[in-house]
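These are the residues of each chain, in order.
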Amino acid sequence: MVSLPDSISDLSRRHRLVAYYVVGLVAMVLLITLLYFYGMRTLEGEGAEYTIFNALTTVVETMTTTGYGADSPWDHPLMNVFMVLIQLSGIAVGFFTLRLVVIPLFNEAEVDLDSRLSPKKDHVIICEYSRDSAVLLDELRELDIDYVLLSSDETEAKALADEGYAAIHGSPQDPAAFERASIDSARAVLTDAGDANVNTILTVRSIREDIDVIALTDDSEMAGVLRSTGADTVLSPHGVLGRRLAAKAVDSFTAEVRDTVELGGDIEVAEVPVSHGSELVGSRIRDSKIRERAGVNIIGAWIDGELQLPPDPDAVIRDNTVLLVSGRAESLEKLSEFTRSPQRFGDHDRIVVAGLGEVGQAAHGAIEDAGIDTVTIDLSPGDGVDVVGDASARETLREAGVADADADAIVIGLPDDSDALLSAVLAQEMNPDIEVLMRVTASDATRKALSAGADYVLSVPRVSARMVARALRGEAVLDPGGQVRLIRVPATPFAGSTIAASGIAATGCRVVTIEDEDGETRVVDPEKQLSGNEELTLVGTDEAVQQFLKRYDVTPAGDGGPA
């Protein structure tokens with residue numbers, strides 16, 4: 001929801017113009033009414049029974065050309081001249097109302113998008129963002145980071161502007177476009193212009209040398225080039241996604257849980273998929289006795305594509321359930337005895353990687369580093385490609401050995417979500433025991449992927465938005481590549497309160513650990529009073545974390561600068 005501006009100065013230029021126009025129109029009508037009232041009482045000789053409301057009615061009737069009321073005709077020449085002026089002002093008002101209000105309202109295509117921008121200061125200029133713009137822009141808006149999105153696609157810019165986003169049309173290689181986006185008062189420029197990133201960075205540096213430049217790229221090998229060109233921070237979301245998917249695939253078929261996030265005090269957090277054939281499948285969370293058997297706490301769970309924080313004790317664990325747990329390293333490894341399929345524990349013959357783009361290459365490298373055999377699929381022949389073909393075709397998957405018993409997992413990194421979903425469904429049909437891990441390029445495709453049988457899904461827009469937020473705000477996002485968000489925040493707003501009474505749960509977040517003033521990390525006691533000097537580690541969805549930060553107006557623990 002877009003919040004109402006605090007003052008007229010916070011309105012866009014177009015809205016300020018309309019506001020000034022309305023105020024001026026009301027003032028003019030009131031002034032004319034007072035003058036007309038005075039004229040009727042002095043020049044026309046109307047008595048005390050003639051009120052200011054009679055005068056207002058006649059003035060409005062005259063200006064709108066709907067009539068002249070009972071006052072016509074007038075005897076005094078000055079009153080007749082005055083009425084002519086009122087009639088002419090009415091015509092002028094009608095013309096300006098048509099031009100400033102009516103035409104823009106019914107003919108939006110002719111509206112200058114620049115006129116919709118409110119005054120900008122300490123904002124971020126976003127160039128050619130192509131990873132589901134609404135996800136990032138909603139993230140920035142919820143974090144109270146002002147922005148201007150600059151797009152060379154006029155249709156996209158207009159569509160975003162019509163939805164209430166601060167978007168304008170222009171080329172990021174045109175200095176004038178940056179001037180229209182108020183680069184002089186901006187704090188940073190974020191460029192996601194693909195091959196034009198270098199051109200964009202050089203354009204920005206030609207205007208301002210001191211502004212922070214953040215570059216997003218799908219090719220991690222370009223990081224050095226972009227930094228040498230002038231980028232202060234280079235983010236590669238696809239590389240993060242590929243390595244994360246690979247880590248999950250490796251964890252699913254080894255005795256060691258390596259893909260964890262350290263919270264301090266020997267406490268770690270991990271997302272643990274429940275494998276096909278696990279003894280936990282079909283049991284309720286309350287009956288699984290995971291805490292008693294492994295010594296870990298279940299923080300949340302992805303069940304049937306929905307994140308539950310905390311999970312319903314009566315929720316049934318299914319094949320594609322992902323448990324979010326916390327505990328010591330040895331406890332997490334003990335948990336693997338229950339989450340993995342008994343016949344596959346310790347057996348990791350082969351992992352199939354579908355698609356050798358940036359995501360697939362990162363995943364392939366990480367899997368090979370773990371000493372696990374891979375079979376790669378790609379449309380084009382090249383180094384490292386084992387099977388050339390369409391990974392969403394049954395014949396190609398069969399050639400890659402997906403249907404074989406020794407194919408433990410498939411990592412799907414296809415750029416098209418429809419192809420990726422089809423590949424996931426076919427892999428599950430050909431081998432019901434295979435683990436499916438995939439990335440999606442649209443944020444709303446995550447639930448579809450889980451419904452299609454995927455065991456672990458990461459969204460490119462979500463991960464990208466987290467990485468950008470971390471770079472812009474210095475936010476301590478502990479794990480930008482996970483399915484959930486982990487951040488550290490100061491406990492200042494909750495001084496004198498307890499976790500149970502703090503209201504944090506109402507935002508959809510959950511406190512995982514508390515770090516005392518002396519740096520000691522302890523397990524959460526919901527009834528222990530907080531001094532306000534502690535540091536809290538929270539977990540939640542992106543939306544829940546945004547709501548928490550906005551409600552309590554806290555700055556996540558971090559260095560305050562780019563990550």
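Residues numbered from 1 in each chain as written. Predicted model: local features only at pLDDT ≥ 70, side-chain atom pairs only at ≥ 80, totals over all residues. Heavy atoms only, no water.

Caption draft 1: Summary view of the overall build of the protein chain. Assigned secondary structure in the protein chain consists of 18 helices and 21 strands. Within the span of the protein chain, comprising 563 residues, buried residues form 52% of the whole. Element-wise, carbon and sulfur atoms account for 52% of the exposed surface of the protein chain, whose accessible area totals about 24800 Å². (Helix = DSSP H or I, 4+ residues; strand = E, 2+ residues; numbered from the N terminus. Buried < 20%, exposed > 50% of the residue type's maximum accessible area, 1.4 Å probe, protein only. Areas by Shrake-Rupley, 256 points an atom, 1.4 Å probe, with all protein chains shown as cover.)

Caption draft 2: Up close: the packing of aromatic side chains. Applying the stated criterion across every chain, the model contains 4 aromatic pairs. On the numbers, 6.3 Å between centres and 20° between planes, the contact of F37 with Y50 is stacked. Within this pair, whereas F37 is found in helix α1 (residues 13-42), its partner Y50 is found in the loop between α1 and α2 (52-63), the two being separated by 13 residues in sequence. Through a chain of ring-to-ring contacts, three or more aromatic side chains come together here, namely F494, F548 and Y552. Geometry around Y147 places K120 over its ring, the cationic atom sitting 6.0 Å from the centre. (Phe/Tyr/Trp six-rings, centres within 6.5 Å; stacked < 30°, edge-to-face > 60°. Lys NZ or Arg CZ within 6 Å of the ring centre and 35° of its normal.)

Caption draft 3: Expanded view of helix α13 (residues 358-369). Look at α13: 17 Å from first C-alpha to last across 12 residues, which is about the 16 Å you get at 1.5 Å a residue. Those residues of α13 that sit buried are E358, V359, G360, A362, A363, H364 and I367. Among the residues trailing α13, G371 stands out with phi positive, at a value near 80°. (Expected span 1.5 Å × (residues − 1).)

Caption draft 4: Spatial organisation of the sheet that holds strand β3 (residues 167-169). Read across the sheet, 6 strands follow the order β3-β2-β1-β4-β5-β6 without closing on themselves; strand pairing throughout is parallel. At either end of the open sheet lies a strand with only one pairing partner, and these are β3 and β6 (233-235). Here the average twist between neighbouring strands, direction ignored, is 20°. As defined by bridge partners, strand β5 (residues 212-216) adjoins β6 across 3 bridges and the pair is classed as parallel. Its bridge partner lying in β6, L216 is registered against L235. Contacts from helix α4 (residues 133-142) reach β1 (124-127), β2 (147-151) and β4 (188-191), with the element oriented near 160° to β2. Packing against the sheet, helix α5 (residues 154-162) makes contact with β2 and β3, and its axis sits at approximately 155° to β3. (Pairing = 2+ DSSP bridges. Axes fitted to C-alpha atoms, helices over the stretch in contact; angles between N-to-C directions. Contact = heavy atoms within 4.5 Å.)

Caption draft 5: Structural view of the pairing of strand β16 (residues 435-440). Most of β16 is tucked away, with 6 of its 6 residues classed as buried. Burial along β16 is two-sided: the face carrying E435, L437 and R439 and the face carrying V436, M438 and V440 are both buried. Of the strand pairs in this sheet, strand β15 (residues 407-412) and β16 are connected by 4 bridges, and their pairing is parallel. Within β16, the position partnered with I410 by the bridge is V436. Inspection of the sheet shows β16 paired to strand β17 (residues 456-459) by 4 bridges, in the parallel sense.

Caption draft 6: Spotlight on the side chain of T203. For T203, the location among the structural elements is in helix α7 (residues 197-207). Once residues within four sequence positions are removed from consideration, T203 is found in contact with P172, Q173, D174, P175 and F178.

Caption draft 7: Examining the pattern of salt bridges more closely. Throughout the structure, instances matching the rule amount to 13 salt bridges. Of the charged contacts in the structure, one is a salt bridge between E279 and R293, with a shortest N-O distance of 2.5 Å. You can see E279 sitting in the loop between β8 (267-273) and α10 (285-288) and its partner R293 sitting in helix α11 (residues 290-294), a full 14 residues away along the chain. Its salt-bridge partner being E543, residue R462 comes within 2.4 Å of it at the nearest N-O pair. In this pair, R462 sits in helix α17 (residues 460-473) while E543 sits in helix α18 (residues 542-552), placing the two residues 81 residues apart along the sequence. Its relative accessible area of 23% is what places R462 among the partly exposed residues. Within this structure, R284, R286, D287 and D314 form a network of salt bridges that share partners. (Salt bridge = Lys/Arg side-chain N within 4 Å of Asp/Glu carboxyl O.)

Caption draft 8: Fine view of the confidence of the model for the protein chain. Looking at the protein chain as a whole, its pLDDT mean stands at 81, while 85% of the residues score no less than 70. Per-residue pLDDT stays below 50 along residues 1-6; that stretch engages in 3 contacts with residues further than four places along the chain or on separate chains. Note on residues 558-563: pLDDT is under 50 here. Beyond four places in sequence and across chains, it has 13 contacts. (pLDDT = per-residue confidence, 0-100.)

Caption draft 9: The arrangement of the layout of surface pockets in detail. Of the voids in this model, the second largest pocket is the one considered here, and its volume is about 650 Å³. Along its surface, the second largest pocket is lined by 30 residues, and R510, V511, V512, V523 and V524 are the ones closest to its centre. Of all the secondary structure elements, the ones that give two or more residues to the lining of the second largest pocket are β9 (297-303), β11 (322-327), β19 (510-515) and β20 (521-523). Of the residues forming the lining of the second largest pocket, the biggest block, 4 residues, is contributed by β19. Its residues assigned to classes, the lining of the second largest pocket comprises 16 nonpolar, 11 polar and 3 charged. (1 Å grid on protein atoms, 1.4 Å probe; cavity = no way out; pocket = protein on both sides within 12 Å on 5 of 7 lines; lining within 4 Å. Points joined across faces, edges and corners; volume = space filled by probe spheres on them. Nonpolar A, V, L, I, M, F, W, Y, C, P; charged D, E, K, R; others polar.)

Caption draft 10: Focus on the sheet that holds β17. Pairing is parallel in the open sheet, where 6 strands are placed in the order β14-β13-β12-β15-β16-β17. Each edge of the open sheet carries a strand with a single partner, namely β14 (387-388) and β17. Judged from the 5 bridges that link them, strand β12 (residues 350-354) and β15 form a sheet pairing that is parallel. Counted as the bridge partner of V352 is I410 from β15. Sheet strands touched by helix α15 (residues 417-430): β15 and β16. Its angle to β16, the strand with the most contacts, is close to 175°.

Caption draft 11: Main features of the nonpolar core. Among the nonpolar cores identified, the biggest contains 105 residues, and I126, I410, M438, L536 and F548 are the most heavily contacted of them. Discounting chain neighbours no more than four positions away, the residues touching I410 are V352, A354, L397, V402, S423, A427, I434, E435, V436 and L437. (Core = buried A, V, L, I, M, F, W, Y, C linked by side-chain atoms within 4.5 Å.)

Caption draft 12: Region of the structure containing unusual backbone geometry. The backbone phi angle of D122 is positive, close to 55°, even though this residue is not glycine. For D122, the position within the fold is in the loop between α3 (77-106) and β1.

Caption draft 13: Broad picture of α18. Buried within α18 are the following residues: D542, A544, V545, Q546, F548, L549 and Y552. Among the residues trailing α18, D553 stands out with phi positive, at a value near 50°.

Caption draft 14: Representation of a nonpolar patch on the surface. Together, L34, I52, F53, L56 and V60 make up an exposed nonpolar region whose accessible area comes to about 440 Å². No other element matches α2, which puts 4 residues into the nonpolar patch. Examined against the element boundaries, L56 turns out to sit in helix α2. Look at L56 and you get partly exposed, because its relative accessible area is 30%. (Patch = residues over 30% accessible without salt bridge, like charges linked within 9 Å, V, L, I, M, F, W, Y side chains within 5 Å.)

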